[in-house]
Structure formats: structure tokens, C-alpha cells
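Here is what each chain is made of, one letter per residue.
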Amino acid sequence: MNAVTPKFGPRSVGGPGRQTAQASATSLRWAALSEAGNVVAMLAGHRAERADNTIRNFPALMRDAEPWRRELADNGCADLAAVMEPGIAALLAINARGSDCKPAAQALWREFTAARSAMLALVPPSGGMGPKRSA
């Protein structure tokens, strides 16, 4: 009775629990980044965007993606958070002093949308039958 149990499906480094925790962290970070983007848009004088399906479902779409795509998405979210945190703090400080923060906010908004577009380009193509689904 020393039979080795078969391993089904792709195995991630760190086991399936680590992959789930990473997906949850990315999902929370993505939601926080979306909210931060809305704050920057408001400070830049733009209306808050209505998120389309790809933006809203990005973490779920990336959960089943290849590991290299997930890693790039995780790194992209971390990098964007590292830019947004001090950027928003600076914008709020400028605004609190009564100065015009709109030009700086517009620059941060352009950086945010460019980085978000780059991350959305990581979403695997869905093909003619829609996104990958599993039972």
C-alpha cells in the first residue's frame, strides 16, 4: 500500500493554497487600485470611470491564466500600487494647501491608465467560445 497518488493538473510552486492566497491578494489589490484610480480621476477633473467587464473581472480572468501571466499581473499590481500610494498622498497634500493639483493628477491619471492597459493586455485570449470555464 505504498502507492503514490497521482497529481492532476498543473502544479504551482508553493502548492494550491499559495496560489489561492495570491489570487485573493491580487483581487484585493486590484479593487484598491480601481478605487485609487477613481480618486485620481476626480482630482484630475475627470468623471469616475464605469468599469467594463474586463476591468471588473480581471482577477478572475487571471486566476486561470498561465503562471507567467499571473506573475506579471501580480508584479504589475504591486508596481502600480507603489506609484499610486505616494502619488495620491502628494495630490491630497497639494489640494489641502489650496493649490491646483489638477496638472499633477492628470499626469498620474495617464500613468495609471497606461499601466492598467498593460496589465489588461495580459488577459488570455478567450477564443470563439468565450473564456475558459471549468466545472
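Cut-offs applied
Residues numbered from 1 in each chain as written. Predicted model: local features only at pLDDT ≥ 70, side-chain atom pairs only at ≥ 80, totals over all residues. Heavy atoms only, no water. Phe/Tyr/Trp six-rings, centres within 6.5 Å; stacked < 30°, edge-to-face > 60°. Helix = DSSP H or I, 4+ residues; strand = E, 2+ residues; numbered from the N terminus. Buried < 20%, exposed > 50% of the residue type's maximum accessible area, 1.4 Å probe, protein only. Expected span 1.5 Å × (residues − 1). Contact = heavy atoms within 4.5 Å. Core = buried A, V, L, I, M, F, W, Y, C linked by side-chain atoms within 4.5 Å.

### Here's the deal with the packing of aromatic side chains
In the structure shown here, the tally under the stated rule is 2 aromatic pairs. Judged by centre distance (5.6 Å) and plane angle (25 degrees), the rings of Trp109 and Phe112 are stacked. Here Phe112 and Trp109 lie together in helix H5 (residues 102–120), a separation of 3 residues that amounts to about one turn. Per residue, the accessibility class of Trp109 equals that of Phe112, and both read buried.

### Things to note about helix H4 (residues 67–96)
Between its first and last C-alpha, H4 extends 43 Å over 30 residues, near the 44 Å set by a 1.5 Å rise per residue. Buried within H4 are the following residues: Arg69, Arg70, Ala73, Asp74, Gly76, Cys77, Leu80, Ala81, Met84, Gly87, Ile88 and Leu91.

### Brief notes about the side chain of Arg116
Topologically, Arg116 is positioned in helix H5. Contact partners of Arg116, with chain neighbours within four places excluded, come to Trp30, Glu49 and Ile55.

### Re the nonpolar core
Most often, soluble globular proteins keep nonpolar side chains buried together rather than apart. Counting 27 residues, the largest nonpolar core has Trp30, Leu33, Val40, Phe58, Met62, Met84 and Leu91 as the members making the most contacts within it. Elements with a contribution of two residues or more to this core: helix H1 (15–44), helix H3 (58–63), H4 and H5. Filtering out sequence-adjacent residues up to four positions away, Leu91 remains in contact with Val40, Leu43, Cys101, Ala104, Ala105 and Leu108.

### So, the environment of His46
As for its placement among the helices and strands, His46 is situated in the loop between H1 and helix H2 (53–56). Residue His46 is classed as partly exposed on the basis of its relative accessible area, which comes to 38%. His46 sits 56 residues away from Lys102 along the chain, and the two C-alpha atoms are 9.9 Å apart. If sequence neighbours within four positions are ignored, His46 has contacts with Ala41, Gln106 and Trp109.

In short, geometric facts, not functional conclusions.
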